[in-house]
Amino acid sequence: MGSDGCVGPWRPHRPRGPIAALYRGPGPKYKLPPNTGYILHDPSRPRAPAYTFGARLPTQQQSCSPGPGHLVPARMTVRGPDGSPSYSIYGRPRDAAPFRTPGPGRYFPERAGNLAYRSAPRHTIAPRNWGVQPERQTPGPGTYTVPSLLGSRVIGKVSAPTYSIYGRSAVGTFFEDLSKTPGPCAYHVVNPAVYKSRAPQFTMLARTSLPEDNTLKPGPAAYNVDKHRKPRGWSFGIRHSDYLAPMVTDLDD
């Protein structure tokens, strides 16, 4: 027996056919057809005729007939169009493609094989399957379980009445609050500073830091003592002034 209470390899499954115990009928309560009205009336009772008032149709205000400007075709008569023949010119139809019958060289009788020539019968050996029995799916006697006889839903047996204990309802009892009067716990404690002299109140501020310089300054290791700065050299200046105009001679032309 497994942990789920079933015996053997069988497990609950959907029944193969309908079971009457699984369906419930409507019982003795049926809805009889009414004897009043015209729709869904009882067919076994006489039914009187019913009349209805029709709706008033709107008065036709506009005329839908054609006016004097309506053009009637000349070939149209009182009984329809006249019977004079009419002709039209159609296009020339194309010639039908001729039927191409295959000639003797299109057939290959040597490929017909056994369909055109006689051949000896051929037999094959089929596997033996008459001794093999199919796997049975019928459940054994140990698959069925006896229904429980406890409770009110016993199948095929008379069950004893069952009772249940409900919780205590607050409606209609002696402690039901019908006037909705608030109790002592519904009121909040009033602050004494409201109806008495209020004492001075002090607050403690956080410790402030002293003002200091937060800029980053180079330390002793930031200086390179071994590296000397190259002394500044001297250069020769120009001999004439930049504002002096050049001398132009006749040879420059």
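Heads up: the structure comes first, above all this text.
Everything quoted here is computed from the prediction, not taken from an experiment. (Residues numbered from 1 in each chain as written. Predicted model: local features only at pLDDT ≥ 70, side-chain atom pairs only at ≥ 80, totals over all residues. Heavy atoms only, no water.)

**Topic: the overall build of the protein**
Here is step 1 of the chain: Scanning the protein from N- to C-terminus turns up 1 helix and 2 strands.
Here is step 2 of the chain: Secondary structure elements in the protein, listed N-terminal to C-terminal, are β-β-α.
Here is step 3 of the chain: The 253 residues of the protein split such that 2% are buried.
Here is step 4 of the chain: At a minimum sequence separation of 6, the contacts of the protein that also span at least 24 residues come to 16%.
Here is step 5 of the chain: Here the protein has roughly 29300 Å² of accessible surface; of this, 59% comes from carbon and sulfur atoms. (Helix = DSSP H or I, 4+ residues; strand = E, 2+ residues; numbered from the N terminus. Buried < 20%, exposed > 50% of the residue type's maximum accessible area, 1.4 Å probe, protein only. Contact = heavy atoms within 4.5 Å. Areas by Shrake-Rupley, 256 points an atom, 1.4 Å probe, with all protein chains shown as cover.)

**Comments concerning the pattern of salt bridges**
Here is step 1 of the chain: Summed over all chains, the structure comprises 2 salt bridges.
Here is step 2 of the chain: A salt bridge links D82 to R75, with the shortest nitrogen-to-oxygen separation between them at 3.4 Å.
Here is step 3 of the chain: Assessed through its relative accessible area of 31%, D82 is described here as partly exposed.
Here is step 4 of the chain: Close ionic contact of D213 with K217 constitutes a salt bridge, the shortest N to O distance being 2.6 Å. Here D213 and K217 have matching classes, each one exposed. (Salt bridge = Lys/Arg side-chain N within 4 Å of Asp/Glu carboxyl O.)

**Some thoughts on a nonpolar patch on the surface**
Here is step 1 of the chain: A cluster of nonpolar residues, I19, L22 and Y23, forms a patch on the protein surface that exposes about 350 Å² of accessible area.
Here is step 2 of the chain: Residue placement: I19 occurs in the segment before β1 (76-77). (Patch = residues over 30% accessible without salt bridge, like charges linked within 9 Å, V, L, I, M, F, W, Y side chains within 5 Å.)

**Looking at the packing of aromatic side chains**
Here is step 1 of the chain: Within this structure, the stated rule accounts for 0 aromatic pairs.
Here is step 2 of the chain: If you follow R47 out to its NZ or CZ, it ends over the ring of Y38, 4.2 Å from the centre.
Here is step 3 of the chain: Stacked on the ring of F108, the Lys or Arg R111 has its end atom at 4.3 Å from the ring centre. (Phe/Tyr/Trp six-rings, centres within 6.5 Å; stacked < 30°, edge-to-face > 60°. Lys NZ or Arg CZ within 6 Å of the ring centre and 35° of its normal.)

**Description of unusual backbone geometry**
Here is step 1 of the chain: Its identity as a non-glycine residue notwithstanding, L40 has a phi of 55°, on the positive side.
Here is step 2 of the chain: Mapping L40 onto the fold places it in the segment before β1.

**A few points about the side chain of H41**
Here is step 1 of the chain: Residue position: H41 is located in the segment before β1.
Here is step 2 of the chain: A distance of 2.9 Å separates the side chain of H41 from the backbone oxygen of N35, its partner in a polar contact.
Here is step 3 of the chain: Discounting chain neighbours no more than four positions away, the residues touching H41 are P33, P34, N35, T36, P46 and R47. (Polar contact = N/O pair within 3.5 Å; in protein donor to acceptor, adjacent residues only side chain to side chain.)

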